[in-house]
Amino acid sequence: MELLLVLGLPLAGTLLLALLGARRFAAELNVAVSLATLVAAAFLVLRVIRHGSLLVGHDQFFVDPFNVFLVALTAFVGLTTAIFSRPYMRIEQHHGRLNPLRLRLYHSMFQLFMGAMLLALLTNNMGLLWVAMEAATLSTVLLVSLYRTRASLEAAWKYFILCGVGIAQALFGTILLYFAAEQRLGREGMTALLWTHLNAVKAHLEPRVLGLAFVFLLIGYGTKVGLAPLHNWLPDAHAEGPTPVSAVLSGLLLNVALYAVIRCKVLVEGSIGPALPGRMLMTFGLLSAVVAAFFLWRQRDIKRLFGYSSIEHMGIMTFAFGLGGPVANFAGLLHMTVHSLTKSSIFFTAGHASQTAGTQRMDDISGLLGVSPTIGWGLMLGSIAILGMPPFGVFASEFLILTTAMREHPWTTPFLLVAFGVAFAAIFSKVQPMVFGHTEARRLPQSPALVPVFIHLAMVLALGLYIPPVLAEWYRAAARLIG
């Protein structure tokens, strides 16, 4: 029942908001559906904690400590984003950038996007996982192009074409996975693509076919993760779409795509060993972190800046899962959590800063602390957190990743240190004048719209100081499942 509600509520919300999304109460309805989804996800988490992994619906859906923690994170950030978008999108409508029909499209596609991500996380079928990722792509294309400006339409088409090519590579990898499974499991139709079936016989699957399949799956889903050199769509989509869309793209969709890569990695490692998949993930991860760090210096748009920051952090996570082992996997899962919470809060503040200044150009944004202390402190604290300053949780996860790399693969240490150092200098040098610079603009009244920002940052701070034993055991159980 809990799983049915987690998957069914966003779909019901999509249909309901497709009919009522232009009404004045549509934003409240969007929040209510998101809240109900989070409650259902919480009950699903409790069931997994009490009873362990679950197979549901003739083995078509599978829940374990790895994906259920991502389900909870996705539902939570989805709710806070829906809360944030309620006043934000009304201001956009007041400024004439949106009309009631586009708001209806936004609300309905937001719920479809959430439903597609939750389906991708909970399905046991590798074919259905591909379908869910494609559905998430198509719904976000419509969201990125919501403003219908020349730049937003260009960004949406770029996103659609690049991710479409990538997802086609993932489809070919899935076909190869089916081919390898068929040799062992026989002609079982789509049941040969069930992850639990494949995981049970992974040691007996044809290693050459599986190795080739992983190459295509990594390229395909890696495009959605934003790994360099497949990252070109990500900064444009973040910069031109509405701010709530940027928050869920960076905070949630990239995690789900990386989840798909890790599920494939577990199967491949059982057949050909950890050498090939581990080295590929480490290489792509390091390349993404270093490339994105240097691109940060060239940015003039605040949302593009943090879009490149997302590429850097997804590279760090990918590198961690490539390292493998209990500590690196634990750190990768922790980094997934704190990055989602921190980056979504940063986009919330960046969106309000852009609305306040009337531009996303960083050179034209100054003195946010004097104009609105909540926006100024939210952006500053979020930037400090994402840069890995203690005592925030990003510091803890990055420290674990760095020390594990120093011990197991010392040659990677200089690349990580360069990425961390360059990113810190680039982001801090650009955010500091925006927050503390001089301004003659009048002070604005404080708005409760940024409450989700400080909730997220408080959680990230708490995870940097103390991880509750229940949550730590949850991470450890997920890390063991990954390998």
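Residues numbered from 1 in each chain as written. Predicted model: local features only at pLDDT ≥ 70, side-chain atom pairs only at ≥ 80, totals over all residues. Heavy atoms only, no water.

## Describing the environment of leucine 267
Logical step 1: Residue placement: leucine 267 occurs in helix H10 (residues 243-272).
Logical step 2: Each C-alpha atom of the pair leucine 267 and glycine 211 lies 10.0 Å from the other, and the pair is 56 residues apart in sequence. (Helix = DSSP H or I, 4+ residues; strand = E, 2+ residues; numbered from the N terminus.)

## Notes on unusual backbone geometry
Logical step 1: The omega torsion across alanine 228 and proline 229 is 5°, close enough to zero to call that bond cis.
Logical step 2: Of note, proline 229 is situated in the loop between helix H8 (207-225) and helix H9 (233-240).
Logical step 3: That bond from proline 390 to proline 391 is cis: its omega, 10°, falls within 30 degrees of zero.
Logical step 4: By the secondary structure assignment, proline 391 is in the loop between helix H15 (373-386) and helix H16 (393-408).
Logical step 5: The backbone of arginine 148 shows a phi angle near 60°, a positive value even though the residue is not glycine.
Logical step 6: As for its placement among the helices and strands, arginine 148 is situated in the loop between helix H5 (126-144) and helix H6 (150-185).

## Digging into the nonpolar core
Logical step 1: Counting 170 residues, the largest nonpolar core has Tyr221 and Leu333 as its most contacted members.
Logical step 2: With 18 residues, H10 is the largest single contributor of residues to this core.
Logical step 3: In contact with leucine 333, other than residues within four places in its own chain, are Phe66, Phe69, Phe321, Tyr475, Ala478, Ala479 and Ile482. (Core = buried A, V, L, I, M, F, W, Y, C linked by side-chain atoms within 4.5 Å. Buried < 20%, exposed > 50% of the residue type's maximum accessible area, 1.4 Å probe, protein only. Contact = heavy atoms within 4.5 Å.)

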